[in-house]
Amino acid sequence: MKIAVPKETKPFERRVALTPDVVKSLQKAGFTCLIETGAGEASYFSDEKYHDAGAGIAPTAQAAFADADVILKVNAPTEEDVAAMKEGSIVISYLYAYTIPEVVAALNKKKITAFSMDAVPRISRAQKMDALSSQANLAGYKAVILGANALGKIFPLLMTAAGTITPARTLVFGVGVAGLQAIATAKRLGAVVEATDVRAETKEQVESLGGRFLQVEGAEGVKVEGGYAKEVSADYLEKQQALIKDRIKEADLAITTALVIGKKAPVLITEDMVKSMKTGSVIVDMAVESGGNCELSEFGKTVVKHGVTIIGEANMPSLLPVNASELYAKNISTLLLHLATKDGFKWEMEEEITQGSLITHNGELVHGFTKEILA
Ligand code: NAD
């Protein structure tokens, strides 16, 4: 089976879908890999390394796609990409298919089967394929590093002859994979950490990392489906904001990671709250791509408002392109090997990971959740 990997074209993207090491293992397993020239450049993997791993190098994405059975990408293909793909071929990438109905239509028109990395079920058996987790983990780390760098203070307690420096205070919103890594990283740097989430079970996780959990009264009532938080009620948000209002005044660094799948991110830090923060404090809004958890954050920009630096970095995992590509390549190749052998796809349509990640097939949108949103 022939695999093609193009250079990513989305702004702010530095990752690549396969690394030379993973190419080597796929070649060994009987697959043939064709990589667009320069695909790994932004993550420091040269054409030469891919060549040494056994891959062919294509001059353009179109040339790579022309004869490919499977296309592996980081971001969703564009309509132009789809036009260059073979009818009936297979594409695996992040799709967030509910956000790109026109690409879904183009895929269906050419009967291209698409599997989405963001739709891989969050079950133990699929952990090795879970790119949402691998990338969020790196992003949570980087968010703290960016925040620490923008802060005019150090994180740890420091006792010196010239006086004692008290530890920085970090407030983390959303205790999923990114939030947990942010808590762990901030703790390792010596900060005092507080965190909040709508899922009550995260209290124990926060405490196990040495953080303090901010419990919103009525948290038990929040619905969780497949581990994901559902949108909370206006009443809950109000109570949560009252609690946060109090704590955010003390924070030096706030990191927000709160997401609700298929919805705009909840606004957790209002302009009034920003005004109440200490001058020189920092907010890193990791939800900025989904609309932002802070009312004042701007996508892809760092802005200073009311004396607070607000970082709206567009693609946090891409700031660590080496590790992010390494982990993503492991995730996507594991999914490929789950779905296919070198001789072709298995098409086990009832199998949970196949069914969960399959978006388009035989000219139809088949993914329940995406259909629901696009209906
Ligand atoms: P996510 O990125 O979808 O959301 C980040 C966090 O924001 C979540 O913890 C969510 O509860 C929280 N949130 C949403 N609305 C909020 C609000 N108004 N205020 C505060 N917090 C809010 O989450 P994720 O990191 O992708 O993890 C989602 C779930 O999947 C978690 O339950 C996680 O434990 C689970 N998971 C399971 C596996 C597995 O079993 N293989 C792997 C990874 C994650």
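Note: the structure precedes this text.
A few points on the structure. Predicted, not measured: the structure shown is a model, and the values here were computed from it.

For the rest of this paragraph, the subject is the packing of aromatic side chains. For any pair of aromatic rings, the description consists of the separation of the ring centres together with the inter-plane angle of the planes. A full pass over the atoms with the stated rule returns eight aromatic pairs. Between the aromatic rings of Phe12 and Phe299, the centroid separation amounts to 5.9 Å while the plane-to-plane angle is 90 degrees, which identifies the pairing as edge-to-face. Taken together, the residues span a long stretch of sequence, with Phe12 in the loop between β1 (2-5) and α1 (20-28) and Phe299 in the loop between β15 (282-285) and β16 (302-305) at a distance of 287 residues. With 5.9 Å between their ring centres and 20 degrees between their planes, Tyr94 and Tyr96 make a pair best called stacked. Tyr94 gets classed as buried once you look at its relative accessible area, which sits at 8%. A network of ring pairs unites the aromatic residues Tyr94, Tyr96, Tyr98, Tyr328 and Phe369 as a single cluster.

Applying the stated rule across the entire model yields 17 salt bridges. Notably, a salt bridge pairs Lys73 with Glu8, separated by 2.9 Å at the nearest N-O pair. With Lys73 in the loop between β4 (70-72) and α4 (79-84) and Glu8 in the loop between β1 and α1, this pair connects stretches of sequence that are 65 residues apart. Exposure class is identical for Lys73 and Glu8. Each is buried. Here Arg247 and Glu194 are joined by a salt bridge, their closest N and O atoms 3.1 Å apart. Here Arg247 is found in helix α9 (residues 234-248), whereas its partner Glu194 is found in strand β10 (residues 192-196), with 53 residues between them in sequence. Summarising the burial analysis for this pair, Arg247 and Glu194 share the class buried.

What follows deals with unusual backbone geometry. With a phi angle near 70 degrees, Tyr44 is a residue other than glycine that sits in the positive phi range. Tracing the backbone through its elements, the reader meets Tyr44 in the loop between β2 (32-36) and α2 (47-52). Tyr44 gets classed as exposed once you look at its relative accessible area, which sits at 56%. Positioned with a positive phi, Lys111 is a non-glycine residue whose angle comes to about 50 degrees. Here Lys111 shows up in the loop between α5 (101-109) and β6 (113-116).

Parameters at a glance
Residues numbered from 1 in each chain as written. Predicted model: local features only at pLDDT ≥ 70, side-chain atom pairs only at ≥ 80, totals over all residues. Heavy atoms only, no water. Phe/Tyr/Trp six-rings, centres within 6.5 Å; stacked < 30°, edge-to-face > 60°. Helix = DSSP H or I, 4+ residues; strand = E, 2+ residues; numbered from the N terminus. Buried < 20%, exposed > 50% of the residue type's maximum accessible area, 1.4 Å probe, protein only. Salt bridge = Lys/Arg side-chain N within 4 Å of Asp/Glu carboxyl O.

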